[in-house]
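Chain by chain, the residues run as shown.
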Amino acid sequence: MRASDIMGKPVRCRDGEAGRVIDMRVDTDTPPGAEVAELRLAGLVVSPRRWGSTVGYDRQDDRGPWLIWWIVHRLHRSDRYVGWDLVRSWADGMVQVDAAVGELPGVPALPPRAT
Amino acid sequence: MKKLLGVTLGILTAIGGFVDIGDLVANALVGARFGMALAWVVLVGVIGIMVYGEMSARIAAVSHRPTFDLIRERLGPRFALVNLLASFLVNMLTLTAEIGGVALALELATSVNYLLWVPLVAFLVWFVMWRVKFGTMENIFGLGGLTLIAFAVALWKLGPDWGQLLHQVTHPTVPQGEGHPTYFYYAIALFGAAMTPYEVFFLSSGGVEEKWTKKNLTLARANSAIGFPLGGLLSLAIMGCAAVVLLPAGIEVDSLSQVALPGVVALGKLGLACLIIGMFCATFGAALETGLSSGYTIGQYFGWQWGKYVKPRQAARFHLVLLASVLAGAMLVLTTADPIKVTEYSLVFSAVALPLTYFPVLIIANDPDYMGDKTNSRFTNVLGLVYFGILSVVSIAAIPLMFVTKAGL
Amino acid sequence: MKIYRPVLDVDLHLLDRQVVDRDGAMVCKVDDLEFQPNADGEPVVTAILAGPAALGPRVGGALGRWMVSVQERLRPSDQDGPARIAVALVTEVGSDIRLSARAVELRTHQTEAWVDQHVISKLPGADHEG
């Protein structure tokens, strides 16, 4: 499976479409700085809007310039996080999720980079 | 002492490097038609390039990565590809204009038709990019371009009514016989000349080539803070000379000899010689910078090894792009398209491409992943946003105005 | 490998990053990532994918499809799909991605080597630092 098989693909939940995959979250299962064995796919970040996400303003706090940060945060208010265990299939360019849109949690903020 | 020398060198290089064929043509052309009524655009443009130039330099010094490299990382391959195609095309147009400019300077010096100089110029431009050390290249052509100070000397020698000139600057009015659309069209061309995209690509890639670190930050900022404004003053001197000599005589600028005419009037043969050397160095330097920028942008998008800091064999695809670009530029000049017209078009299209170029710079300069604790200050962000607004307006208005005014006729 | 965050987002932190070899030379960009199931059946990153065949699907549209076809026409007959860098070669994931190998040892070096062999090395002075 490639990242491009999932990135950008529409996400269908039990009760309708939730948007598109704008990112894939991987967990190292290790504290920062320690040697990492593998990068495990933990879940998907799903958004009804494509724009403004790669810039990262929506998942990290306190970034200037404030105008752009504010615009992106408003655009991505309704983003949802889909744990990988809820994904039933990703065939034919569509991700099928075993949950209702309303059941999906918001996107957890990313912890900041360790120095 | 060595540090002081380094700083001075950097500033001088920035001044000499600020002026290229676009600035020479735009400022002279505008001075001859509008007097000093568009001088405010140069001032606005200088502040813009200072703000964004400092950001690009800081990005290179702190993250050790040049801007274009980071555009794809931050904004995705699709946006970056659009950006690459647009930037590359504008760059090619600018490179063509600069090669034409060098050939024109040589024509001015020797009375041998500029087209005959093109093959030699193209070869020399390529050869310098191939063999000459980055620092040496920057110093020689930057300092050589400094002889354009003859424009400032000429203006002083012409003894114009300074009060009247100042009045024109502070009370800009559209002169009789010129329409408002044309006025704004040339405002856009002047703005494009001050903030031409290749300047930031080259500045940040050059910073990485010269292995800047956080320690060079003050130096880079000094270059920005002093070099660009002095370069702007030089642009205004060119405009002033044209306003004082060409405007009253009704002479319009459609060749490089008219750009140089005020220098001859004021300083005779010596003035002309200085100006020719200055124009040659400024355009040759700019040809090197745009040539290298074509390699930087493509190489940095695809992740190739790029740069003059490694042997050519270690950056083979990069050098192939340099070679192909110079050949293409030379061939475009040899189509006998009017080099002055090509220059004007390159400025207008540069203006259109401005938001694509500068938006990523603003974003990246705020990203702590790359900048650590050296992200933009509040003040820089306010200026950055204001200017982003300005250049968005400029970008949107450029093409319609070009059609309405029939490219400034 | 060393990583500075416990959790990463693929598009934010991995895709389109510059890949750099053990000596600091540029290798490629992370054009795509390969995932395979681990021992517990969960997908893990197994390789970095690079080259037109990897970048094409991410650019999308007609241009993307053209990129993929370019690679298919150029690739040697014995190899299938885009150039692959196994994740075992990755030593550090920071603002760029560092490898334990040298650029010349990797499959991503093929086009560069071709241009060097057929064009650049034929020009005088190709071995001099400029």
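Described in the following lines is the structure provided in the data block. Each chain carries its own residue numbering, running from 1 in the direction its sequence is written. Going through the entries in the order they are written, you letter the chains from A and number the ligands from 1. Only residues with pLDDT of 70 or above have their local features reported here, since the model is predicted, and side-chain atom pairs are shown and tallied only from 80 upward, although totals for entire chains, interfaces and linings are computed over all residues. Values shown for side chains rest on all heavy atoms present in the structure; no hydrogens or waters enter the calculation.

**A word on the overall build of chain C**
Then, in step 1: Starting at the N terminus, helices and strands are each numbered in turn, a helix being any DSSP run of H or I of at least four residues and a strand any DSSP run of E of at least two. When helices and strands are tallied, chain C shows 4 helices and 9 strands.
Then, in step 2: In chain C, the succession of α and β elements from N to C terminus is β-β-α-β-β-β-β-α-α-β-β-β-α.
Then, in step 3: Seen through its principal axes, chain C has C-alpha atoms that stretch 55 × 35 × 25 Å.
Then, in step 4: Note on classification: 1.4 Å probe, protein chains only; a residue is buried when its accessible area is under 20% of the maximum for its type, exposed when over 50%, partly exposed between these limits. Among the 130 residues that make up chain C, the fraction classed as buried is 53%.
Then, in step 5: Long-range contacts, defined as pairs at least 24 residues apart, comprise 48% of the intrachain contacts of chain C with a sequence gap of at least 6.
Then, in step 6: Method for areas: the Shrake-Rupley scheme with a 1.4 Å probe, in which residue coverage is limited to the protein chains shown. Summing over all exposed atoms, chain C offers an accessible surface of approximately 5700 Å²; the carbon and sulfur share of this is 52%. The contact definition used throughout considers only heavy atoms, calling two residues in contact when any of these lie within 4.5 Å.

**Focus: the pairing of strand 6 (residues 43-50) of chain C**
Then, in step 1: Judged by how many residues are buried, strand 6 of chain C sits mostly within the fold: 8 of 8 residues are covered.
Then, in step 2: Between strand 5 (residues 32-37) of chain C and strand 6 of chain C, which pair antiparallel and follow one another directly, the connecting turn spans 5 residues, one of which, Gly41 of chain C, has a positive phi of 80°. Two strands are said to pair when DSSP picks up at least two bridges between them.

**As for the packing of helix 11 (residues 198-209) of chain B against helix 13 (residues 256-302) of chain B**
Residues and elements named next belong to chain B.
Then, in step 1: The axes used here are C-alpha line fits, helices contributing only the stretch in contact, and every angle between their N-to-C directions lies in the interval 0 to 180 degrees. Packing of helix 11 against helix 13 leaves a shortest axis separation of 9 Å and a crossing angle of 75°. Judged by the inter-axis angle, helix 11 sits roughly perpendicular to helix 13. Across the interface between the two elements, Tyr198, Phe201, Phe202, Ser205 and Glu209 of helix 11 pack against Ala286, Glu289, Thr290, Leu292, Ser293, Tyr296, Thr297 and Gln300 of helix 13.
Then, in step 2: Here the contact of helix 11 with helix 13 is built from residues that sort into 6 nonpolar, 5 polar and 2 charged. Note that the term roughly parallel is reserved for angles under 35 degrees, roughly antiparallel for angles over 145, roughly perpendicular for angles of 65 to 115, and oblique for everything else. Nonpolar residues are Ala, Val, Leu, Ile, Met, Phe, Trp, Tyr, Cys and Pro. Charged residues are Asp, Glu, Lys and Arg, and all others, Gly as well, are polar.

**A word on the side chain of Glu199 of chain B**
All names here are of chain B.
Then, in step 1: Considering the arrangement of structural elements, one finds Glu199 in helix 11.
Then, in step 2: When charges are counted, neither His nor the chain ends are considered; positive counts come from Lys and Arg and negative counts from Asp and Glu. A pair is scored as a salt bridge if a Lys or Arg side-chain nitrogen falls within 4 Å of a carboxyl oxygen belonging to Asp or Glu. Buried charge Glu199 goes without a salt bridge, the closest partner of opposite sign being Arg58 at 16 Å.
Then, in step 3: Non-local contacts of Glu199, meaning those with residues more than four positions away in its chain, are made with Ile49, Ala193, Ala194 and Phe228.

**Focus: the interface of chain B and chain C**
Many descriptions give the size of an interface as the accessible area lost when the pieces come together.
Then, in step 1: At the junction of the two partners, chain B supplies 38 residues and chain C supplies 35 residues.
Then, in step 2: Buried area is understood as the total, over both parts, of accessible area removed when two parts are fitted together, assessed with a 1.4 Å probe. Across the chain B to chain C interface the summed buried area is about 3200 Å²; carbon plus sulfur atoms make up 52%.
Then, in step 3: Taken as a group, Arg72, Arg313 and Arg317 of chain B account for 20% of the area that chain B buries against chain C, more than any other trio of residues on that side.
Then, in step 4: For the pair chain B and chain C, the number of links is 6 salt bridges.
Then, in step 5: With a shortest N-O distance of 2.9 Å, Asp116 of chain C and Arg313 of chain B are connected by a salt bridge.
Then, in step 6: For this analysis, a polar contact is any N or O atom pair within 3.5 Å, provided that within protein one partner can donate a hydrogen and the other can accept it, and provided that sequence-adjacent residues contribute only side-chain to side-chain pairs. Counting across the interface, chain B meets chain C through 13 residue pairs in polar contact (both at pLDDT 80 or more).
Then, in step 7: Those elements giving two or more residues to the side of chain B that touches chain C turn out to be helix 4 (67-75), helix 5 (77-110), helix 6 (114-131), helix 13, helix 14 (316-334) and helix 16 (368-371) of chain B.
Then, in step 8: Top contributing element to the side of chain B that touches chain C by residue count: helix 14 of chain B, with 5 residues.

**Quick look at the side chain of Arg17 of chain C**
Then, in step 1: Topologically, Arg17 of chain C is positioned in the loop between helix 1 (10-14) and strand 3 (18-20).
Then, in step 2: Judged by relative accessible area, which is 2%, Arg17 of chain C ranks as buried.
Then, in step 3: Leave out the neighbours within four places in its chain, and Arg17 of chain C touches Glu73, Arg74, Asp369 and Tyr370 of chain B together with Leu12, Cys28, Lys29, Val30, Gly94, Ser95 and Ile97 of chain C.

**Brief notes about the pairing of strand 3 (residues 40-47) of chain A**
Successive side chains on a regular strand alternate, one facing one side of the sheet and the next facing the other.
Residues and elements named next belong to chain A.
Then, in step 1: Counting buried positions over the 8 residues of strand 3 gives 8, a clear majority of the element.
Then, in step 2: Across 7 bridges, strand 2 (residues 16-27) lies against strand 3 in antiparallel orientation. Within the sheet, the bridge partner assigned to Met24 lies in strand 3 and is Leu44.
Then, in step 3: Sheet topology places strand 3 next to strand 4 (residues 80-83); 4 bridges connect them, and they run antiparallel. When the sheet's bridge partners are listed, Val45 is paired in strand 4 with Tyr81.

**Observations concerning the state of the cysteines**
Residue and element names in this part refer to chain B.
Then, in step 1: Criterion for a disulfide: a pair of cysteine sulfur atoms within 2.5 Å. As enumerated under the stated definition, the model contains 0 disulfides over all chains in all.
Then, in step 2: Free of any disulfide, Cys241 has its nearest neighbouring cysteine sulfur in Cys274, separated by 13 Å.
Then, in step 3: Judged by relative accessible area, Cys241 falls into the buried class, the value being 0%.
Then, in step 4: Summary of cysteine pairing: Cys274 is not part of a disulfide, and the nearest cysteine sulfur, belonging to Cys281, is at 11 Å.
Then, in step 5: Looking at Cys274, the relative accessible area reads 28%, which means it is partly exposed.

**A short note on the interface of chain B and chain A**
Then, in step 1: At the junction of the two partners, chain B supplies 14 residues and chain A supplies 11 residues.
Then, in step 2: When the two sides are added together, the surface that chain B and chain A hide from each other amounts to roughly 1000 Å², 61% of it contributed by carbon and sulfur.
Then, in step 3: Summed over the shared surface of chain B and chain A, the number is 0 residue pairs in polar contact (both at pLDDT 80 or more).
Then, in step 4: Every element with two or more residues in the side of chain B that touches chain A is listed here: helix 4, helix 15 (339-364), helix 16 and helix 17 (378-404) of chain B.
Then, in step 5: Here the side of chain B that touches chain A is composed, by residue class, of 6 nonpolar, 3 polar and 5 charged.

**Details of helix 14 of chain B**
Then, in step 1: Residue count minus one, scaled by 1.5 Å, sets the expected span of a helix. In this model, helix 14 of chain B (19 residues) spans 27 Å end to end at C-alpha, consistent with the 27 Å of a helix rising 1.5 Å per residue.
Then, in step 2: For helix 14 of chain B, the secondary structure elements touched by its buried residues are helix 5, helix 6 and helix 13 of chain B together with helix 4 (110-118) of chain C.
Then, in step 3: Just beyond helix 14 of chain B, the residue with positive phi is Thr336 of chain B, at close to 65°.

**Some details on the environment of Cys13 of chain A**
Residue and element names in this part refer to chain A.
Then, in step 1: Note on placement: Cys13 falls in strand 1 (residues 10-13).
Then, in step 2: Taking relative accessible area as the criterion, Cys13 reaches 5% and is therefore assigned buried.
Then, in step 3: A sequence separation of 84 residues divides Cys13 from Val97, and the C-alpha atoms of the two residues are 4.8 Å apart.
Then, in step 4: In this view, Cys13 contacts Ala18, Val97, Ala99, Ala100, Val101 and Leu104; residues no more than four positions away in its chain are not counted.

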